[in-house]
Every structure is written in C-alpha cells, then in structure tokens.
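# A structural walkthrough
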Amino acid sequence: MKPKDYFLNVLSIENIYDPAPEFHQPFWDFSYRFQSLYRNWILFKDFNKNHIDLLAQAENVENEGAEYYDIHSEVAQVDIEFFPKHLRGSIISLSLSSLENLLNELAEEIAKDLDKPIELDKRPLPFINKYLLWFTRNCKIEITINKEQYNKLDAIREVRNRFIHNLSREIPENIKKTIREMTKNLSNHEIVVTDEFVDQSLREISTLVKNIELSYLDFYSELKNNR
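Residues numbered from 1 in each chain as written. Predicted model: local features only at pLDDT ≥ 70, side-chain atom pairs only at ≥ 80, totals over all residues. Heavy atoms only, no water.

### A look at the overall build of the protein chain
Under the convention used in this document: Secondary structure elements are defined from DSSP: runs of H or I of at least 4 residues count as helices, runs of E of at least 2 residues count as strands, and each element is numbered from the N terminus. Each residue's exposure class comes from its accessible area (1.4 Å probe, protein chains only) as a fraction of the maximum for that residue type: buried when under 20%, exposed when over 50%, partly exposed otherwise. Residue-level accessible areas treat just the shown protein chains as cover; the underlying method is Shrake-Rupley with a 1.4 Å probe. The sign given to each residue is positive for Lys and Arg and negative for Asp and Glu; His and the chain ends receive no count. By convention, the charge on Lys lies at NZ, on Arg at CZ, on Asp at CG and on Glu at CD.
Across its full length, the protein chain holds seven helices and zero strands. Reading the helices (α) and strands (β) of the protein chain from amino to carboxyl end gives α-α-α-α-α-α-α. With respect to the principal axes defined by its C-alpha atoms, the protein chain has extents near 80 × 50 × 30 Å. For the protein chain, with 227 residues in total, the buried portion stands at 41%. A total accessible area of about 13,700 Å² is found for the protein chain, and carbon and sulfur atoms account for 51% of it. Side-chain charges of the protein chain comprise 29 positive and 38 negative groups, with the mean position of each set lying 7 Å from the other.

### With respect to the environment of lysine 210
Stated precisely, the cut-off is as follows: Contacts are assigned to residue pairs with any non-hydrogen atoms lying within 4.5 Å of each other.
Along the chain, lysine 210 turns up in helix H7 (residues 195-225). A residue is classified by how much of its surface remains accessible, and lysine 210, at 24% relative accessible area, is partly exposed. Distance in space between the C-alpha atoms of lysine 210 and serine 98 is 14 Å, their sequence separation being 112 residues. With residues near it in sequence (within four places) discarded, lysine 210 still touches Tyr17, Asp18, Pro19 and Ala20.

### Let's talk about helix H3 (residues 66-114)
In plain terms, the rule: Helix span is expected to be 1.5 Å times the residue number reduced by one. Here the bend at a residue means the angle between the axes of two seven-residue stretches, the one that ends at it and the one that starts at it.
With 49 residues, H3 extends 71 Å from end C-alpha to end C-alpha; this agrees with the ideal 72 Å at 1.5 Å per step. Along H3, the sharpest kink reaches roughly 35°, centred on phenylalanine 82 and followed within four residues by the proline proline 84. Looking one or two places after H3, you find aspartate 115, whose phi comes out positive at around 55°.

### Digging into the pattern of salt bridges
Let me state the cut-off plainly: We define a salt bridge as a contact between a side-chain nitrogen of Lys or Arg and a carboxyl oxygen of Asp or Glu at a distance within 4 Å.
Enumeration over the complete set of coordinates arrives at 13 salt bridges. The closest approach of N and O atoms between lysine 49 and aspartate 53, which form a salt bridge, is 3.1 Å. With lysine 49 and aspartate 53 both in helix H2 (residues 25-58) and four residues apart, this pair spans about one turn of that helix. Assessed through its relative accessible area of 34%, aspartate 53 is described here as partly exposed. The structure contains a network of salt bridges with shared partners spanning Glu148, Lys152 and Glu204.

### Observations concerning a nonpolar patch on the surface
Just so we agree on the cut-off: For patches, a residue must show more than 30% relative accessible area and have no salt bridge; joins then use 9 Å for like charges and 5 Å for nonpolar side chains, namely Val, Leu, Ile, Met, Phe, Trp and Tyr.
Together, Phe7, Leu8 and Leu11 make up a nonpolar patch on the protein surface, roughly 310 Å² of accessible area in all. Along the chain, phenylalanine 7 falls in helix H1 (residues 3-11). Residue classification places phenylalanine 7 among the partly exposed positions, given a relative accessible area of 48%.

Laid out in structure tokens, this is it:
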C-alpha cells in the first residue's frame, strides 16, 4: 500500500472522543492522546490477529525436524498466549492514565479560575474518585455518575492493576459480574480480558470524559457570567 493510501486508511478510523468546539486545553489534549491510543488499539489488534493466525498455521507445517517444532513451541506458542494479553493490558493502562492526566490538568485550570488550592480527599480512594469528589464538593461542578458507571470504572481499574502489579488475589465477585456484563459472552466461571472488554473500556472512559466536559462547560459559563 502506498504511504498516502495507508494514511487515508488510518484516517478512516472513527473518532472515539470529540471535544466540544469551545476550546479548553485539557479536553483537546485528552482528545489527541486518546484518539492516538484508540488508533494504536485498532491497528495492533488486527496485527496481532494476523500474527497469531500465521503462527498457528506454522505449527501444522509438515516434514520439519523435531527442532523446528520445539522452537515453535518455545517462541510461537508464547506469542500466541501473551501478545493479546500484553496489548489489552497496556491499552487499558494507558487509557486510565489518559483519564488521570486529564483530571489533573483540569483541576489545575479550575484551581486557577477559582483561586483556590487543589485539596483532594485524604481517604484511601482511587485517584480518579478523589478528583471527581473535589470537582463536585469543593468546586460545585455538577457531575452525575451513576452506580453502573462507577462499577465499570472499578472493573477497568482492577484489570489495569493486575496487568501492572501482577496481583494474585481473587477478583472480587462484584468486579467479575461487571466484567461479564461488559463482555456479554463469558460463562459464570470464566473471567478473561477480551478484545470486547477493551473496546467497552475505551468507550466507557470516553463517555465519562464527555460527561465531565459538559458539566465543566456549564460551570465555566456560569463562572464567566458572574465575573
């Protein structure tokens, strides 16, 4: 494929998050980072599938010596098992990092506008929850997030933590339930992070950020009118 055709093909990937036309730096920066991450996911998800399909076919090649099949087992089988896990885990981790960066940058903007320090809750809460509480309680920004959204965010965070820290403890039942609901096709006993779970996670984060953005725009408009 010619470079220009390849670039046009990349451009055909949908936007998963579009900032509002009214420019506010944190949301526009987030949109660039998050859309790039989404392109990374779409492109390398397809690469991984093709890579794994070819490796699986290579196992069935006939008339090769024992060394060939031993090496296939040591290299190809490892890729088949771990390539999808590595990609899914890294995309989920980076997606949450993008959200956390947005909240930090937005908090700094709001602190300047209100001329007040950022004072996060001291309780052992998730980083994201601390910022959301500061926005709603200290800055009076009306952000509404329902229980289902919080449950999904907890499930995404649990998967991220296990990927980074290799936690061995059992996944809590409420997290298992949410993961099953997000993937829709797993049995009651099987918990696997699938491509569908990553797709749903990215869209959930995008929806959450849009909710925060719209609430912030109302807050900012009222702030300007009162000056």
